[in-house]
Amino acid sequence: MTQMNSDAQQSHESTAENQNESVPGSLQGEVWLTIQTYQAQSLIRGRRAADGKPAIMGLIGFADRLKSLWQAVRFDDPYADWWLLKVEEGVADIRAQLQGLQQRMDALITESNSALEFSVAQSSRPQRVSLQFANPYAFRAAQLLGEYDRLMCADMTLHYLGLDMPTDLIEQVSGSGRWVRRVFALPQGYHCLDVRRSDIRQGTPAAIKARERMGEIPPDILNGERLPSLRPLAIQQLNSNAIADSDEA
């Protein structure tokens, strides 16, 4: 009987090893952002407050603050959902505005090329940044910065050649950097207070503190009717999936 149990155990361990060997490993890859202009480069890391100048949140700091938001969503923090939604909508809105400006710039470049032959200026030594972010919204923000960089290249080219630009376009392009900075600053309004939807409904001290710090949570977000399109699995769902997998095994 002992020998049979030993054989069965060895067979089970061998089968488990074979299954592990047949399962693909974790996905790995590299993501790079190439920056041409100093305006966009300055928004990669931002600026610390110094000499009376306020701090500027850059892409790296933005991505770092998103980590706590992303993790808090797992624990059913409705404020984290709210701020993640603000980030999603903010990035989408500014990207749409930048793309609209880029289309107008491209039209000017096309019209000017009827008399002049030129290409949009690019850096002789562009900065290539490796991106290792923990959630998709950080990569969306990187795309936003890349589009701002492209706009700056077109703007400097037209100014260098002395080509006319409408006044409203000049003003909007000049202010576009502030648009990007406002998006990068969005996560700063969130405070991780370990509050859950159940706390809000019960009016616990944590819920009261969250309301004082971040405002009244919109009912549709509290009820889960309006949520970010991309969000991690909640801890409860992860635990349920693990139990289900264990039962199947």
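### Considerations on the packing of helix H3 (residues 59–74) against helix H5 (residues 136–161)
Here H3 crosses H5 at 160 degrees, and the two axes come no closer than 9 Å. In terms of orientation, H3 and H5 fall into the roughly antiparallel class. Taken as a pair, H3 and H5 cross one another with a handedness that is right-handed. Along its contact with H3, which presents Leu59, Phe62, Ala63, Leu66 and Trp70, the element H5 presents Pro136, Tyr137, Ala138, Ala141, Ala142 and Leu145. Taken together, the residues that form the contact of H3 with H5 break down as eleven nonpolar, no polar and no charged.

### Here we look at H3
Under the 1.5 Å per step criterion, the end-to-end length of H3 is 23 Å for 16 residues, consistent within 8% with the ideal 22 Å. Regarding H3, the residues found buried are Leu59, Phe62, Ala63, Leu66, Leu69, Trp70, Ala72 and Val73. Buried residues belonging to H3 abut strand E1 (32–35), helix H2 (38–45), strand E3 (56–57), helix H4 (78–112), H5 and helix H6 (167–185). Two residues or fewer past H3, aspartate 76 is found with a positive phi of approximately 70 degrees.

### Some remarks on the packing of aromatic side chains
If you walk through the whole model with that rule in mind, you get six aromatic pairs. For the ring pair phenylalanine 62 and phenylalanine 184, a centre distance of 5.4 Å and an interplane angle of 40 degrees mean the geometry is tilted. Pair noted here: phenylalanine 62 is in helix H3 and phenylalanine 184 is in helix H6, with a separation of 122 residues, a long-range link. A residue is classified by how much of its surface remains accessible, and phenylalanine 62, at 0% relative accessible area, is buried. For phenylalanine 184, a relative accessible area of 1% puts it in the buried group.

### Some words on the pattern of salt bridges
Taken as a whole and judged by the stated rule, the model has eleven salt bridges. Across the pair arginine 231 and aspartate 81 runs a salt bridge whose closest N-O atoms are separated by 2.8 Å. Taken as a pair, arginine 231 in the loop between helix H9 (219–222) and helix H10 (235–248) and aspartate 81 in helix H4 lie far apart in primary sequence, 150 residues in all. A residue is classified by how much of its surface remains accessible, and arginine 231, at 32% relative accessible area, is partly exposed. Among the charged side chains, a salt-bridge network with shared partners connects Asp76, Asp81, Arg197 and Arg231.

Thresholds applied
- Residues numbered from 1 in each chain as written.
- Predicted model: local features only at pLDDT ≥ 70, side-chain atom pairs only at ≥ 80, totals over all residues.
- Heavy atoms only, no water.
- Axes fitted to C-alpha atoms, helices over the stretch in contact; angles between N-to-C directions.
- Helix = DSSP H or I, 4+ residues; strand = E, 2+ residues; numbered from the N terminus.
- Parallel < 35°, antiparallel > 145°, perpendicular 65-115°, else oblique.
- Left-handed = near helix turned anticlockwise from the far one by under 90°.
- Contact = heavy atoms within 4.5 Å.
- Nonpolar A, V, L, I, M, F, W, Y, C, P; charged D, E, K, R; others polar.
- Expected span 1.5 Å × (residues − 1).
- Buried < 20%, exposed > 50% of the residue type's maximum accessible area, 1.4 Å probe, protein only.
- Phe/Tyr/Trp six-rings, centres within 6.5 Å; stacked < 30°, edge-to-face > 60°.
- Salt bridge = Lys/Arg side-chain N within 4 Å of Asp/Glu carboxyl O.

Purely geometric stuff here, so don't read any function into it on its own.
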